[in-house]
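# Analysis of the macromolecular model
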Amino acid sequence: MPHLTPEQKAAFKANGALIIRNALTPAQIRDARDALWEGIAADRDDPETWIDAGPRVPVGGDHPAIRATVHDSPLFAMMEEMVGVDALPKGSAGPHLVFPASDKSWSMPERGHLDGYYTPTNGVPEGTVGYMSINVTIYVEDIDEKGGCFTYWPGSHNVAYEYFKTRSLLSVQGGISSDVFPAGTFPQGQQFSGKAGDAIFWHGQMFHTGSKNINRNIRMALIGRFSRKDANDIRFETCGDQWAHWEGIE
Ligand SMILES: O=C(O)CCC(=O)C(=O)O
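This report concerns the structure included in the present document. (Residues numbered from 1 in each chain as written. Predicted model: local features only at pLDDT ≥ 70, side-chain atom pairs only at ≥ 80, totals over all residues.)

## Observations concerning the overall build of the protein
Heads up, the rule is: Here a helix means four or more residues in a row that DSSP labels H or I, a strand means two or more in a row labelled E, and each is numbered from the N terminus. Computation of the radius of gyration draws on C-alpha atoms, with the globule rule given as 2.2 Å multiplied by the number of residues to the power 0.38.
Along the backbone of the protein there are six helices and eight strands. Of the regular secondary structure in the protein, the N- to C-terminal order runs α-β-α-α-α-β-β-β-α-β-β-β-β-α. Over its C-alpha trace the protein gives a radius of gyration of 18 Å, about what one expects of a compact globule, namely 18 Å for 250 residues. With the C-alpha coordinates of the protein rotated into their principal frame, the extents come out at 55 × 45 × 35 Å.

This is the structure we're talking about:
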């Protein structure tokens, strides 16, 4: 019995993103939160201590309660329904926390980036490019707008596809959008707000970014990036069909 409807897959194809509400059970949310609090340097019972706290990554994605959000929920199976059964390695999602800021000024991020590109600080080797098929951001806390929402640009995967038809994948320095979108053409982004247990799938060539949190809650998100097992064979292919390597997308 599939988890995704043809309409949901069509929405992912059109937008490069698909929101799944209530993907996690209350127990999965509770266990993941407990795991995160094992590493947070603040008092769980005193929200005042959460302001400007840390660390951004309090436990690893290999923590059993964090891994369970991907593999004991329907989320991994949903990704396989889109990309292909056994096409993805059984990776996890890493915590990316955004703590409430003491400075309450807020503005919508103006630009996003593509993941997988070298920057001087991100550990990606220079001259290489990661090639993710599908990524997922999972909330284990309620996140309202301005609360550090994952921010994305629906449809930008199509712009990236057109761009890379005639240019090398390596041509986008640091994955920044100004190389792909000419000046003045970058559209308005969208904040993914949601409840604990909600998730968003986003295409590997979706422009996205984090945002500032001026709300009370800690932005407790888990982000998983998934490359096809055969990514090394296909990443530099100039493919006439954008969805050739998506076995479940028509
Ligand atoms: O924290 C977020 O919501 C997005 C993080 C991000 O842009 C990234 O990890 O590449």
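So, next bit.
## Details of the packing of helix 2 (residues 26-39) against helix 3 (residues 64-71)
Put simply, the rule is: A fitted line through C-alpha atoms represents every axis, and for helices the fit uses only the stretch in contact; the resulting angles, taken between N-to-C directions, go from 0 to 180 degrees. Crossing handedness is defined as follows: a turn of the near helix away from the far one that is anticlockwise and smaller than a right angle gives a left-handed crossing, while the clockwise case is right-handed. Here contacts are defined at the residue level, using C-beta atoms placed from the backbone and a cut-off of 7 Å between them. Put simply, Ala, Val, Leu, Ile, Met, Phe, Trp, Tyr, Cys and Pro go in the nonpolar bin, Asp, Glu, Lys and Arg in the charged bin, and everything else, Gly too, in the polar bin.
For the pair helix 2 and helix 3, the least separation of the axes is 8 Å and the interaxial angle reads 145 degrees. Along this stretch, helix 2 crosses helix 3, giving a crossing that reads as left-handed. Residues Q28, D31, A32, D34 and A35 of helix 2 touch helix 3, and the partners they reach there are A65, I66, A68 and T69. Of the residues belonging to the contact of helix 2 with helix 3, the class tally is five nonpolar, two polar and two charged.

## Notes on the site of the ligand
For clarity, the cut-off: Residues are counted as near a molecule or strand when the C-beta atom, derived from backbone positions, lies within 6 Å of that molecule or strand.
Around the ligand lies a shell formed by H96, D115, F150, H208, T209, G210, A221 and I223. Where the shell around the ligand is concerned, the elements lending two or more residues are strand 7 (208-209) and strand 8 (219-226). Across the shell around the ligand, the residue classes break down as three nonpolar, four polar and one charged.

## Focus: unusual backbone geometry
Omega for the peptide link from G54 to P55 comes to -5 degrees, which places this bond in the cis form. Examined against the element boundaries, P55 turns out to sit in the loop between helix 2 and helix 3. In this structure, N22 is a non-glycine residue whose phi angle is positive, near 55 degrees. Within the secondary structure layout, N22 lies in the loop between strand 1 (17-20) and helix 2.

## Side note on helix 5 (residues 156-165)
Heads up, the condition is: Residues are called buried when their C-beta atom has 20 or more other C-beta atoms within 10 Å, exposed when it has 12 or fewer, and partly exposed otherwise; all C-beta atoms are positioned from the backbone. To obtain the arc, one takes the directions from the helix axis to the C-beta atoms.
Taken together, the buried positions of helix 5 are S156, H157 and A160. One side of helix 5 holds all its buried residues, which, seen down the axis, span an arc of 105 degrees. Exposed and oriented more than 90 degrees from the buried face of helix 5 are E162 and K165. Among the structural elements, strand 6 (199-203) are those in contact with the buried residues of helix 5.

## Details of the sheet that holds strand 5 (residues 190-192)
The condition that has to hold: A pair of strands is considered paired only if DSSP assigns at least 2 bridges between the two.
Taken in spatial order, the three strands line up as 5-4-7 in an open sheet, and their pairing is antiparallel. The sheet is open, and its two borders are formed by strand 5 and strand 7, each paired with just one other strand.

## A word on the environment of T151
The residue T151 is located in strand 4 (residues 150-152) in this model. Look at T151 and you get partly exposed, because 17 C-beta atoms sit within 10 Å. Once the C-alpha coordinates of T151 and G130 are considered, the two residues, 21 residues apart in sequence, prove to be 20 Å apart.

## What to know about the sheet that holds strand 6
Sheet architecture is open: five strands sit in the order 1-6-3-8-2, paired in antiparallel fashion. Each having just a single partner strand, strand 1 and strand 2 (94-98) make up the two edges of the open sheet. This sheet shows a mean twist of 20 degrees between the axes of neighbouring strands, independent of strand direction. Contacts between helix 1 (residues 6-15) and the sheet are confined to strand 1 and strand 6, with strand 1 contributing the most and set at about 135 degrees to the helix. Where helix 4 (residues 75-83) meets the sheet, its contacts fall on strand 1, strand 3 (134-139), strand 6 and strand 8, and the angle it forms with strand 3 comes to roughly 155 degrees.

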